[in-house]
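Structural characterization, general
Listed here are the chains, written in short residue letters.
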Amino acid sequence: MKTLKSSLFFLLFVVCSCNQKNPNRKVDVNVTRLSNKIIPLVKFIDNPDSCKKALLFLDSATAIDHNCFLCYNNKLMFLYSLKQLNRMLSTLDTCIKLKPNAHDLYLNAGVWREKVGDTGASKSYFIKSLQICNSVLDTMQTNNRNYAMVTTNKAINLIMLGDSVTAHEILDNLYKSQPEDPKFDNFEKKYTLSLMNKSKAQLLDSLTNP
């Protein structure tokens with residue numbers, strides 16, 4: 001089955017069968033069937049009826065398998081499109097419980113809790129995400145394909161926690177080290193540049209209003 005990707009704010013959520021990520025995990029065939037039904041609906045992400053239909057399929061899947069991370073993760077794009085932010089936050093917390101070491105999930109949760117004004121909770125998410133990013137970067141080579149992503153997430157956390165000076169130094173060094181990549185329209189360099197010299201308020205707005 002072809003894997004589809006849908007861009008949602010600053011993350012990529014992957015739409016695919018629940019049994020593809022972990023072949024050793026037994027997945028109910030009905031969960032896979034329900035999960036696959038959302039694939040044609042992704043291109044209609046701006047249509048409320050399509051989003052509601054997709055969520056019905058995914059809710060049915062998670063009712064069968066409470067540990068289907070991809071099912072919960074794929075709900076996020078549809079909940080975002082419907083502006084159901086409270087449910088989106090709850091779903092993010094479920095994703096974190098299933099993948100407690102995913103720095104991007106904590107960052108995402110922090111950004112959206114900040115957006116809804118829950119600044120106390122958002123800070124704890126940013127701190128946790130930053131801790132994981134630092135731990136990962138301690139052993140990651142700069143030529144690792146995930147290096148730029150983890151580094152930019154570290155910088156975002158720092159900005160959201162009030163340390164813009166350190167964050168902008170990190171982003172500036174990263175930008176200077178990133179090679180030109182015309183094949184992909186210099187996507188990584190452009191993304192890094194888009195984060196540079198932004199205030200906390202400007203960054204929050206750009207991440208939640210792409």
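So, a few notes on the structure that sits alongside this text. Everything numeric here is computed off the predicted structure, so don't read it as measured data. (Residues numbered from 1 in each chain as written. Predicted model: local features only at pLDDT ≥ 70, side-chain atom pairs only at ≥ 80, totals over all residues. Heavy atoms only, no water.)

**Some thoughts on the nonpolar core**
Ranked by size, the top nonpolar core spans 52 residues in total, and within it F78, L105, V111, I156 and L203 carry the most contacts. Of the residues forming this core, the biggest block, nine residues, is contributed by helix α3 (residues 69-81). Setting aside its immediate chain neighbours within four residues, F78 contacts I38, L41, V42, I45, C51, A54, L55 and L58. (Core = buried A, V, L, I, M, F, W, Y, C linked by side-chain atoms within 4.5 Å. Buried < 20%, exposed > 50% of the residue type's maximum accessible area, 1.4 Å probe, protein only. Helix = DSSP H or I, 4+ residues; strand = E, 2+ residues; numbered from the N terminus. Contact = heavy atoms within 4.5 Å.)

**Notes on the layout of surface pockets**
In this structure, the second largest pocket encloses a volume near 420 Å³. Taken together, 19 residues form the lining of the second largest pocket, with R145, A148, Q178, P179 and E188 sitting closest to its centre. Listed by contribution, the elements that provide at least two residues to the lining of the second largest pocket are α7 (147-160), α8 (164-177) and α9 (187-195). It is α8 that provides the largest number of residues to the lining of the second largest pocket, a total of four residues. Taken together, the residues of the lining of the second largest pocket break down into seven nonpolar, eight polar and four charged. (1 Å grid on protein atoms, 1.4 Å probe; cavity = no way out; pocket = protein on both sides within 12 Å on 5 of 7 lines; lining within 4 Å. Points joined across faces, edges and corners; volume = space filled by probe spheres on them. Nonpolar A, V, L, I, M, F, W, Y, C, P; charged D, E, K, R; others polar.)

**Examining the state of the cysteines**
If you walk through the whole model with that rule in mind, you get one disulfide. One disulfide in the model links C68 with C71; its S-S distance is 2.3 Å. Looking along the S-S bond of the C68-C71 disulfide, the torsion reads about 65°, which is the right-handed sense. The pair C68 / C71 is uniform in exposure class, with both members buried. The structure places no disulfide on C95, whose sulfur is separated from the nearest cysteine sulfur, that of C68, by 9.8 Å. (Disulfide = S-S within 2.5 Å.)

**Things to note about α8**
Compared with an ideal rise of 1.5 Å per residue, which puts 14 residues at 20 Å, α8 spans 20 Å between its outermost C-alpha atoms and is within 8% of the ideal. Of all the positions in α8, only A167, H168, I170, L171 and L174 are classed as buried. The buried side chains of α8 occupy one side of the element, clustering within an arc of 155° when seen end-on. What points out from α8, more than 90 degrees from its buried face, is the exposed set V165, N173, K176 and S177. Buried positions along α8 lie against α7 and α9. (Expected span 1.5 Å × (residues − 1). Arc of directions from axis to C-beta.)

**Here's the deal with the packing of helix α5 (residues 103-115) against helix α10 (residues 200-208)**
One way to put it is that α5 packs onto α10 with a least axis distance of 10 Å and a crossing angle of 105°. Overall, the two elements α5 and α10 adopt an arrangement that is roughly perpendicular. Of the residues in α10, those in contact with V111, W112, E114 and K115 of α5 are K200, L204, L207 and T208. (Axes fitted to C-alpha atoms, helices over the stretch in contact; angles between N-to-C directions. Parallel < 35°, antiparallel > 145°, perpendicular 65-115°, else oblique.)

**What to know about the packing of aromatic side chains**
Summed over the entire model, instances satisfying the criterion amount to three aromatic pairs. On the numbers, 6.4 Å between centres and 40° between planes, the contact of Y106 with Y125 is tilted. Of this pair, Y106 sits in helix α5 while Y125 sits in helix α6 (residues 119-139), and the two are 19 residues apart along the sequence. Each member of the pair, Y106 together with Y125, is buried. When the ring centre of F69 is taken as reference, the NZ or CZ atom of K99 above it lies at 5.0 Å. (Phe/Tyr/Trp six-rings, centres within 6.5 Å; stacked < 30°, edge-to-face > 60°. Lys NZ or Arg CZ within 6 Å of the ring centre and 35° of its normal.)

**A closer look at the pattern of salt bridges**
Within the structure shown, the criterion is met by six salt bridges. When the shortest N-O distance is used, the salt bridge between K200 and E114 registers 3.4 Å. Taken as a pair, K200 in helix α10 and E114 in helix α5 lie far apart in primary sequence, 86 residues in all. Under the relative-accessibility criterion, K200 is labelled partly exposed at 33%. Between D172 and K176 there is a salt bridge, and its shortest N-O distance comes to 3.0 Å. One end of the pair is D172 and the other is K176, both in helix α8 and four residues apart, which spans about a single turn. Assessed through its relative accessible area of 25%, D172 is described here as partly exposed. (Salt bridge = Lys/Arg side-chain N within 4 Å of Asp/Glu carboxyl O.)

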